[in-house]
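# A structural walkthrough
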Amino acid sequence: MSVQRNYDREFVRTFFTSPTAVQGEDDSAKMIRRAAQLRGIQAPDVWVPDNEDATAPSMREEGVQNIIDVVAEHGADFPGEIHPRVVWHRESPTTRYSGFQQMLEIADPENGAVDNIDGFVIPEVGDIDDWKKADECFQIIEAEHGLEEGSLSMSVIVESGEAEIALNRIRDEMGKPSNTLERMFLLVDGEVDYTKDMRAMTPTGELPPWPELRHNTSRGASAAGLIAVDGPYDNIRDVEGYRERMQDNRAKGMTGIWSLTPTQVEVANTAPLPPKTGTWLLDVDGEDVELTPEGDSQVYDGDDVSLTETDDGYTLVVAGDDHHLDEDELRETLLDLTSYVPSMDDIVESMEEFEAAKEAGKGAIAMTQSATVAIDGVEVSLEKDRMWDEATYQAAQTPITLFQDVYRNRPDQHAELEEMYGADVVARATDVGN
Amino acid sequence: MSVQRNYDREFVRTFFTSPTAVQGEDDSAKMIRRAAQLRGIQAPDVWVPDNEDATAPSMREEGVQNIIDVVAEHGADFPGEIHPRVVWHRESPTTRYSGFQQMLEIADPENGAVDNIDGFVIPEVGDIDDWKKADECFQIIEAEHGLEEGSLSMSVIVESGEAEIALNRIRDEMGKPSNTLERMFLLVDGEVDYTKDMRAMTPTGELPPWPELRHNTSRGASAAGLIAVDGPYDNIRDVEGYRERMQDNRAKGMTGIWSLTPTQVEVANTAPLPPKTGTWLLDVDGEDVELTPEGDSQVYDGDDVSLTETDDGYTLVVAGDDHHLDEDELRETLLDLTSYVPSMDDIVESMEEFEAAKEAGKGAIAMTQSATVAIDGVEVSLEKDRMWDEATYQAAQTPITLFQDVYRNRPDQHAELEEMYGADVVARATDVGN
Amino acid sequence: MSVQRNYDREFVRTFFTSPTAVQGEDDSAKMIRRAAQLRGIQAPDVWVPDNEDATAPSMREEGVQNIIDVVAEHGADFPGEIHPRVVWHRESPTTRYSGFQQMLEIADPENGAVDNIDGFVIPEVGDIDDWKKADECFQIIEAEHGLEEGSLSMSVIVESGEAEIALNRIRDEMGKPSNTLERMFLLVDGEVDYTKDMRAMTPTGELPPWPELRHNTSRGASAAGLIAVDGPYDNIRDVEGYRERMQDNRAKGMTGIWSLTPTQVEVANTAPLPPKTGTWLLDVDGEDVELTPEGDSQVYDGDDVSLTETDDGYTLVVAGDDHHLDEDELRETLLDLTSYVPSMDDIVESMEEFEAAKEAGKGAIAMTQSATVAIDGVEVSLEKDRMWDEATYQAAQTPITLFQDVYRNRPDQHAELEEMYGADVVARATDVGN
């Protein structure tokens with residue numbers, strides 16, 4: 001039981017923008033021509049030929065023609081969805097009319113591209129009435145071109161305070177007789193322009209983290225059956241920072257992120273999937289440190305924790321504090337300090353176990369995770385129990401549902417997924433929970 | 001001057017759920033029969049015989065009968081309020097109809113339980129129109145059974161994005177002619193299902209902290225004269241973590257929390273009350289460390305701060321940084337680094353002083369807190385002044401108002417409160433500010 | 001293209017309150033008489049003779065007369081705007097009527113003050129309907145006194161949950177035929193009373209940080225073309241803490257803050273302006289440490305990072321972790337660990353460069369910032385490139401727009417600004433971007 005979604009894809013990991021027309025190149029469509037030929041893990045779930053900010057204003061007319069040409073030629077074979085971004089602005093009727101004309105042209109069936117256009121991305125939207133103006137353009141375009149009503153989806157970039165407020169209202173407005181907002185697909189944050197619109201400043205010019213905006217976008221998506229996508233991560237060399245941002249986003253329910261390069265696409269296509277192997281973590285003064293598997297043990301090899309056996313027990317030193325503990329206390333303490341990041345295989349196995357238990361009439365079962373943790377050569381066996389009931393099961397299911405959605409919609413990634421996890425895990429992961 | 005509350009209780013510290021029917025026991029009502037007999041500090045402010053998630057679906061019919069039996073027998077003597085949770089789901093009319101039937105049966109006066117039922121808890125609500133559907137069930141039940149309109153209160157579990165959005169709208173909707181939402185009582189967060197509904201993921205499967213949800217719940221409660229309650233804290237062994245969560249909640253204005261065991265009830269009944277004795281804190285590199293009272297001094301005995309007398313003053317080393325200070329500078333620095341957690345007695349005394357000053361025509365007075373702080377044997381006398389005006393007074397009053405609410409509503413805890421604070425402090429605390 | 005503002009000032013840095021009548025002084029108007037004569041960097045952008053919380057209830061009638069006398073005498077020469085605060089409360093018609101009478105009297109043209117009154121500040125507002133009641137008072141006062149409709153602006157203190165919710169609704173309500181909410185000017189947080197209204201508690205009685213409230217206030221201001229101002233910072237000795245709060249606020253788009261003393265005014269008038277000189281920062285274990293310029297180098301002289309040359313490269317030790325790096329890796333690592341806080345001059349120069357490039361038909365250019373970083377005597381030359389496009393340009397413009405707004409509205413601060421930056425930088429900064 002959940003909010004009804006109007007689209008095939010339940011998740012979108014990657015939103016990849018490409019300039020539609022670049023000046024000074026032999027082929028001004030070079031960037032989108034290359035992007036249209038991405039396949040597999042480097043190909044995004046949603047590809048956005050970007051006829052707005054990524055393309056110089058003087059090139060946008062040529063950009064429309066480039067989109068048409070490239071999508072007509074390569075669109076049918078592209079493995080993801082295709083959603084061009086056109087111009088729009090809540091404060092400018094002129095810009096809105098330009099955006100309308102761009103969409104009208106790209107969607108003209110005579111131009112041969114529309115069959116492979118899944119929708120359009122509308123930037124710089126304002127309050128909900130502005131979203132309705134964009135929707136009205138879609139209605140006219142579909143009617144003028146004889147396309148099925150609602151066949152073109154609408155995604156928006158949230159980059160103003162009023163658009164953020166509108167996130168609360170989508171659910172209420174969808175389905176009213178004079179709009180067709182059921183065509184809504186993605187809610188994408190645009191932090192650069194949002195920062196400008198909010199008139200925010202940081203000393204170094206770095207973007208503020210905007211946790212509330214991301215929460216509100218994710219919640220708006222959840223309430224209306226849409227998909228939330230975070231904005232661009234400018235420092236494209238900083239892969240670690242990009243991963244951390246995505247982990248923070250996923251804890252907010254925002255699974256997708258903007259990608260600026262095929263490398264970012266690859267990282268972002270992979271990051272939300274469960275890892276191949278599980279990892280034990282030790283909490284060292286508030287930070288999680290990965291333990292290193294060696295033989296049957298999980299070894300801590302840092303300097304901030306030490307453990308020695310004494311005559312009557314153990315001395316555990318964490319961040320300069322000494323704890324004198326007997327064996328049971330030591331085990332309790334380490335249970336509290338450790339946690340486990342389950343692998344894809346672990347999650348599937350736990351779900352299978354819970355399903356079998358449910359079949360047998362049990363409502364809740366204990367799942368056990370064991371490890372031998374070694375610190376300074378002293379080994380301690382731990383068993384972590386966790387009660388699984390229906391709610392735990394369903395919450396654990398999210399990464400699996402994501403995996404299944406990817407598997408169903410992206411056959412071009414099957415080989416890479418099997419290489420990553422092994423065919424057996426992939427087979428069980430596609431099967432479990434259905 | 002504040003928003004009008006429709007209920008006796010202004011605060012609810014504890015929301016304790018118990019399974020209504022457990023399979024494989026001689027007495028399937030064992031858990032609620034035991035819970036109904038809790039008294040004193042282990043008895044919750046609100047007890048929730050849980051006929052939803054805590055009880056297997058196949059046992060819920062029996063659960064309804066168990067609730068009736070146990071409440072009919074023990075309800076009159078139970079010291080807290082009793083609010084059974086029934087099934088409900090914003091996406092399922094079938095589930096909603098089951099919930100209606102469960103409430104209709106439990107509230108039937110012929111079954112002898114309704115006199116001791118204070119209300120019902122409705123889980124999995126959606127947008128405000130869904131809340132109104134639940135309210136409609138209450139209206140029908142009260143009319144069918146000849147109960148006074150509004151006599152059954154309604155509490156909801158906020159565990160979806162649309163319910164979070166609805167928190168903004170309660171105040172506007174209450175009091176409209178075709179609903180009776182004035183019966184609203186508790187707004188309870190349900191983070192497990194909320195996490196599922198938001199499709200959020202964390203590496204270890206731990207719940208995200210959801211600070212915005214808790215803020216919005218607390219704010220919605222404040223705006224509508226209701227009471228905000230945080231969701232379950234699963235790691236029932238981790239008392240320290242439970243306390244930290246409650247401290248974080250209280251800083252958001254969310255005083256109540258879910259409890260899963262009588263031990264959690266006891267911890268959560270006690271945590272929001274001011275401490276018996278005050279404590280001095282020293283800020284060591286961003287973390288507050290408690291000083292140890294020894295004789296007349298407050299002693300720091302850690303390794304991260306050192307203080308030595310030199311020829312011309314003092315050297316204070318904090319987190320590896322040396323500061324050479326004269327006596328006044330040292331005092332200033334320590335004033336900035338220390339803070340004081342007042343005891344119940346301190347708060348009452350300050351309020352009494354301010355009331356006397358107000359009586360004498362003064363609008364603001366300075367309250368002084370003195371201590372001798374000792375670091376490495378060097379003693380420094382500190383005096384912390386704080387200006388109290390009407391606003392400070394009123395803000396300081398919150399824990400006292402809470403205490404008085406507890407004292408008024410929970411005679412069964414009087415003995416334990418007097419043991420905790422002494423009879424004199426209890427007497428003055430119940431009297432001050434009235 | 002941005003939301004239309006109805007006021008001259010686009011930014012307000014400082015909101016300075018003074019008691020209108022103090023008991024026991026020869027001249028009860030002493031405090032506001034002194035405040036009215038502040039000039040230059042110690043004079044606030046908005047001065048608030050405070051006839052509410054800062055003034056004892058018994059003195060408020062005298063306070064009204066004092067406001068009239070002082071503003072009639074000094075108002076014309078005061079360099080900032082003047083917005084008295086009157087009494088108001090969402091729960092009390094009596095208090096609201098008193099506030100109305102206070103405003104009616106202060107705004108009476110026969111009293112000679114109204115020409116220099118820019119508006120009124122309304123505290124303790126509730127939901128949007130309560131804001132409309134206040135607006136109705138303004139309408140009546142303007143009509144009764146023959147003042148131009150909308151000539152008195154209205155600012156509110158957000159200090160209740162319902163007022164926070166109303167922040168979402170201002171934009172929708174402004175411009176409806178039966179209100180004149182276009183007169184709205186400032187949205188000011190009042191965390192002391194908000195904390196009381198939310199019934200929040202912290203162990204030491206310190207105010208909670210309320211990040212969500214500040215976000216929502218800033219967003220509400222952004223959506224409705226208003227200005228967001230944070231509440232009072234009580235610890236007036238703690239200048240560093242005040243600065244940190246303002247930096248945090250600016251990252252939320254909240255540029256203004258309450259000031260309680262002329263010293264706080266000076267700090268808060270200066271803090272949002274770009275620095276005179278740029279600064280290099282090194283990220284040391286998550287904290288930004290300022291490097292010290294010495295000759296052509298930026299020197300790190302702390303103990304937490306060390307760098308030594310080895311036979312085959314370098315050893316960089318950060319927070320106890322050793323990294324063995326060749327020259328390129330070292331440079332990459334330091335590029336990641338360093339950041340640069342640009343000076344006013346840097347920002348102006350970058351904007352000028354981008355404008356020239358745009359003129360020449362380029363949409364994006366790389367801006368380079370170079371430095372030689374020295375750690376333990378080892379020097380490394382770094383070049384940081386950042387791509388500037390239209391969006392970067394516009395986001396970077398915020399501090400310059402603020403500067404220009406200050407320069408235009410506060411001629412009394414010209415001398416101090418020129419002393420701070422030099423006349424050349426001031427001239428270019430006032431010119432760029434127009």
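Structure report, in brief.

Conventions and cut-offs
- Residues numbered from 1 in each chain as written.
- Chains lettered and ligands numbered in written order.
- Predicted model: local features only at pLDDT ≥ 70, side-chain atom pairs only at ≥ 80, totals over all residues.
- Heavy atoms only, no water.
- Contact = heavy atoms within 4.5 Å.
- Buried area = accessible area lost by both parts, 1.4 Å probe.
- Salt bridge = Lys/Arg side-chain N within 4 Å of Asp/Glu carboxyl O.
- Polar contact = N/O pair within 3.5 Å; in protein donor to acceptor, adjacent residues only side chain to side chain.
- Helix = DSSP H or I, 4+ residues; strand = E, 2+ residues; numbered from the N terminus.
- Least-squares fit on C-alpha atoms with pLDDT ≥ 70 in both.
- Pairing = 2+ DSSP bridges.
- Axes fitted to C-alpha atoms, helices over the stretch in contact; angles between N-to-C directions.
- Buried < 20%, exposed > 50% of the residue type's maximum accessible area, 1.4 Å probe, protein only.
- Arc of directions from axis to C-beta.
- Parallel < 35°, antiparallel > 145°, perpendicular 65-115°, else oblique.
- Nonpolar A, V, L, I, M, F, W, Y, C, P; charged D, E, K, R; others polar.
- Phe/Tyr/Trp six-rings, centres within 6.5 Å; stacked < 30°, edge-to-face > 60°.

## Structural notes on the interface of chain C and chain A
Taken together, the contact pairs 43 residues of chain C with 31 residues of chain A. Note on chain C versus chain A: buried area summed over both sides is about 3100 Å², and carbon and sulfur give 50% of it. In this structure, the connection of chain C to chain A is made through 7 salt bridges. The residue A:E164 makes a salt bridge to C:R219 at a minimum N-O spacing of 3.0 Å. The interface formed by chain C and chain A holds 13 residue pairs in polar contact (both at pLDDT 80 or more) in total. When residues of the side of chain C that touches chain A are traced back to their parent elements, those giving at least two are α6 (170–173), α8 (211–224), α9 (239–250), α11 (327–337), β16 (338–341) and α13 (390–409) of chain C. With 7 residues, α8(C) is the single largest residue contributor to the side of chain C that touches chain A.

## So, the relation of the copies chain B and chain C
Here chain B sits on chain C after a turn of 120° about the axis and a move of 0.0 Å along it, with an RMSD of 0.0 Å. The superposition of one copy onto the other is thereby described by a three-fold rotation axis. Proximity to the rotation axis, assessed at the C-alpha, singles out B:E212 in chain B; its C-alpha lies 4.1 Å from the axis. Take the interface residues of chain B: only 7% of them recur as interface residues in chain C, which is what a contact between different surfaces looks like.

## Some points on the relation of the copies chain C and chain A
Expressed as a screw operation, the relation of chain C to chain A combines 0.0 Å of axial shift with a rotation of 120°, fitting to an RMSD of 0.0 Å. Take the interface residues of chain C: only 7% of them recur as interface residues in chain A, which is what a contact between different surfaces looks like.

## Quick look at the sheet that holds strand β14 (residues 313–318) of chain C
Working definition: the strands of a sheet are paired by backbone hydrogen bonds and lie parallel or antiparallel to each other. Residues and elements named next belong to chain C. Taken together, the 3 strands give an open sheet; going across it, the order is β13-β14-β15, and neighbouring strands pair in antiparallel fashion. Edge positions in the sheet fall to β13 (305–310) and β15 (321–325), since each has one partner strand and no second. Here the average twist between neighbouring strands, direction ignored, is 20°. In terms of strand pairing, β14 meets β15 through 5 bridges, oriented antiparallel. Counterpart to T315 in the pairing with β15 is H324.

## Here we look at α11(C)
Residues spaced three or four apart along an α-helix face the same direction, because each turn holds 3.6 residues. Buried within α11(C) we find C:L330, C:L334 and C:L335. Projection of α11(C) onto a plane perpendicular to its axis shows the buried side chains occupying an angular sector of 135°, all on one side.

## Notes on the packing of helix α8 (residues 211–224) of chain A against α8(C)
As a packed pair, α8(A) and α8(C) sit with axes 10 Å apart at the nearest point and diverge in direction by 80°. With respect to each other, α8(A) and α8(C) are oriented roughly perpendicular. The residues of α8(C) that touch α8(A), namely those facing A:E212, A:L213 and A:N216, are C:P211, C:E212, C:H215 and C:R219. Here the residues of the contact of α8(A) with α8(C) sort into 2 nonpolar, 2 polar and 3 charged.

## Brief notes about the packing of aromatic side chains
Per the counting criterion, the structure on display carries 33 aromatic pairs over all chains. Summarising the aromatic geometry, the rings of C:Y97 and C:F100 are spaced 6.2 Å apart at their centres and angled 25° between planes, so their arrangement reads as stacked. Within this pair, C:Y97 and its partner C:F100 are both found in helix α3 (residues 93–106), separated by 3 residues, close to a single helical turn. Owing to a relative accessible area of 15%, C:F100 belongs among the buried residues under this scheme. With centroids separated by 6.5 Å and ring planes inclined at 45°, the aromatic side chains of C:F354 and C:W388 adopt a geometry described as tilted. Placement of C:F354 in helix α12 (residues 344–359) and of C:W388 in strand β18 (residues 378–388) is noted, with a sequence separation of 34 residues between them. One aromatic cluster is present, built from ring pairs that chain together A:F354, A:W388 and A:Y393.

## Looking at unusual backbone geometry
Residue and element names in this part refer to chain A. At E124, a position not held by glycine, the phi torsion is positive, near 55°. Among the secondary structure elements, E124 is positioned in the loop between β4 (119–122) and α4 (128–144). For E124, a relative accessible area of 6% gives the class buried. Residues other than glycine seldom take positive phi values, yet R199 does so here, at roughly 60°. Residue placement: R199 occurs in the loop between α7 (191–198) and α8.

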